[in-house]
Amino acid sequence: MLRVLYTVLFCLIALLAPQSIAQSETQSAQHGQTLEGSIIDLDPLTVKVGEATYPLNNDGQLEVKLGDLVQVFQTLDPNGQTIYYLADFVRWPYLAILTLIFVVVAGVVGKGKGIRAVIGMFLSIGVILLMVIPLILAGWNPALVALMGSTGILLFSVYFVHGTNWTTTAALVATILTAAVAVGLAMVAMEFTHLSGIFDEETMFLRQMGITDLRGLLLGGMIIGALGALVDSTIPQVAVVRELAHIDPKQSWQKLFVSSMRVGLDHIGSLVNTLVLAYAGSSLSLFVLFQAGNTSWKSALNMEVVAGAVVQSLVGSIGLILAVPLATLIACMAHHYGRLPAPKEGEGHHHHHHH
């Protein structure tokens, strides 16, 4: 089953990747080119690219020091002379270092599971860059693509990190079902709150580029965001059911459900909090702006960008809250029919209880 899934995913990626790469290359060729180099002199401002050195024009936007890695934009002035502009700082080497630190920490602390999680994360980013985004650019419905993509990511990364067994399957089924409910809710909420998905410069640009389904894009982003949190609540929840099930294998599934839900409720509280904080954190600059501009709460809530964040966090939280009892129920049923593997020591071997 898994092999089939992986193959399908890889085929999709292989089919879609060339399109997106080709697109990005044709765009850069039209407007001159970008070079990377380091600043070797401040007065006059000079950059060294490979072996060559070039004088730079700077509009005074960037404060550079000697040795800074910068992007240089090479273009022609009206007289046909080649001129070089200071475009931006080069950030990727530092991002690479940070990524390396992350990989090392995950590997040292998390051992095998940590490394698998890292690989899973890179695969997820791969799916988003190579599948989700090209399909949206090709005019597919962004919400549908996001749902497909993130389901793929989930199957992939969750089975990859936690292994294939009934425990993870129960968690995944619950996650996907609640995600579908959340998406339905979100669509209805967006319809009634008239969220168009146009509220910042990026979306304005997208509009000019002819990507019109901005509401779908908002929804897609929401799905990808919520699914992560959903898995966070369903996997531990199913583990709880499994542990409690094996303390007393003969208990009825109803009793198992009730005791598992007690743990689940604590979990829900902290997770909803996490989700709301995540959304509030990402819109922190907005909140500051409203306070500074003396906007009343009522008119602030009326602004699309705020209403959007509210819909996202509420719908996400509703999904989270529903995911826990659903995951618990599925896991209890799996136990009831002798499908839950025993905790840790026998992982991978199915112990069937004779009722």
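Data block above holds the structure.
As a starting point, this report considers the structure included with it. (Residues numbered from 1 in each chain as written. Predicted model: local features only at pLDDT ≥ 70, side-chain atom pairs only at ≥ 80, totals over all residues. Heavy atoms only, no water.)

1. Remarks on the sheet that holds strand S5 (residues 82-89)
We apply this condition: DSSP-based pairing: two strands are paired if at least 2 bridges between them are found. For the purposes of this entry, the term helix denotes a DSSP run of H or I that reaches at least four residues, the term strand denotes a run of E that reaches at least two, and both are numbered from the N terminus. Geometry is summarised by axes, namely lines fitted to C-alpha atoms with helices restricted to the contacting stretch, and by angles between N-to-C directions that run from 0 to 180 degrees.
Strand order across the open sheet formed by five strands is S3-S2-S1-S4-S5, with antiparallel pairing between neighbours. Looking at which strands have only one partner, the edges of the open sheet turn out to be strand S3 (52-55) and S5. Neighbour to neighbour, the strand axes of the sheet diverge by 45° on average, direction disregarded. Summarising the sheet, strand S1 (residues 33-42) and strand S2 (residues 45-49) pair through four bridges and their orientation is antiparallel. Bridge pairing links leucine 42 to leucine 45 in S2.

2. Some words on the packing of aromatic side chains
Quick reminder of the rule: Between the rings of Phe, Tyr and Trp (Trp by its six-membered ring), a pair exists once the centres lie within 6.5 Å; its type follows the angle of the planes, with under 30 degrees stacked, over 60 edge-to-face, and the other angles tilted. Relative accessibility under 20% of the residue-type maximum defines a buried residue, over 50% an exposed one, and the middle range a partly exposed one, all with a 1.4 Å probe and only protein chains included.
By the definition in use, this model includes one aromatic pair. Between tyrosine 54 and tyrosine 84, the aromatic rings sit 4.1 Å apart at their centres with planes inclined by 20°, giving stacked as the arrangement. In this pair, tyrosine 54 sits in strand S3 while tyrosine 84 sits in strand S5, placing the two residues 30 residues apart along the sequence. By relative accessible area, which is 22% here, tyrosine 54 ends up partly exposed.

3. Thoughts on a nonpolar patch on the surface
Selection criterion: Patches draw on residues past 30% relative accessible area with no salt bridge. Two like charges within 9 Å are joined, as are two nonpolar side chains (Val, Leu, Ile, Met, Phe, Trp, Tyr) within 5 Å. For every accessible area listed, the method is Shrake-Rupley and the probe measures 1.4 Å; residues are considered covered only by the protein chains on display. One speaks of a salt bridge when a side-chain nitrogen belonging to Lys or Arg is within 4 Å of a carboxyl oxygen belonging to Asp or Glu.
Together, Leu69, Tyr94, Ile97, Leu98, Leu100, Ile101, Val104, Val105, Val108 and Val109 make up an exposed nonpolar region whose accessible area comes to about 990 Å². The dominant element in the nonpolar patch, judged by the number of residues it contributes, is helix H2 (residues 92-137), at nine residues. By secondary structure assignment, the location of leucine 100 is in helix H2. The class of leucine 100 is exposed, set by a relative accessible area of 57%.

Everything listed here is a matter of coordinates, which is why it stays silent on function.
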